[in-house]
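Descriptive structure summary
Residues per chain, in single letters:
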Amino acid sequence: MSVQNVNWDPALLDSILTSLAKAGLYERAGELYEHMARSGEAMQSYRRGHAYRKAIDLARREFPSEVRREAVPALLIGTATAAVRCCFLALAFVMFCRRQGFFI
């Protein structure tokens, strides 16, 4: 069943979007924003939800003049670097706890 031609109440849609954001479902909110043709807000939601592939695809479709090919790998590398730092911090915490006599 397609809902492309259904006119939904804008207040209801905004309420749903607010609920999705409160629940941390930013990727789903981005999809709804895209369906409503609100590309800028969709992009923000995808970024907040770490849905980078969808953000990149949206940027290529809706903002092609702003997309630089070299910026995409930099975004992905920055995300990977943050993940590696987080892993190192977690490992350091585990080692500290073991030295203190706590078992994790």
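Predicted model, so just to flag it, every value in this text is computed and none were measured. (Residues numbered from 1 in each chain as written. Predicted model: local features only at pLDDT ≥ 70, side-chain atom pairs only at ≥ 80, totals over all residues. Heavy atoms only, no water.)

Moving on to the nonpolar core. Formed by 13 residues in total, the largest nonpolar core has its most connected members in Leu17, Leu32, Ala42, Met43, Tyr46 and Leu58. Of all elements in the fold, only helix H1 (10–22), helix H2 (26–35), helix H3 (39–48) and helix H4 (52–62) reach the threshold of two or more residues within this core. Apart from residues lying up to four places away in sequence, leucine 58 is in contact with Glu34, Ser39, Ala42, Met43, Tyr46 and Phe63. (Core = buried A, V, L, I, M, F, W, Y, C linked by side-chain atoms within 4.5 Å. Buried < 20%, exposed > 50% of the residue type's maximum accessible area, 1.4 Å probe, protein only. Helix = DSSP H or I, 4+ residues; strand = E, 2+ residues; numbered from the N terminus. Contact = heavy atoms within 4.5 Å.)

With that settled, the discussion passes to the environment of glutamine 44. With respect to the secondary-structure elements, glutamine 44 resides in helix H3. Taking relative accessible area as the criterion, glutamine 44 reaches 54% and is therefore assigned exposed.

When pLDDT is averaged along the protein chain, the result is 80; 78% of the residues meet or exceed 70. Predicted confidence in the protein chain is weakest over helix H5 (residues 71–99), with a mean pLDDT of 70, and strongest over H2, with 93. (pLDDT = per-residue confidence, 0-100.)

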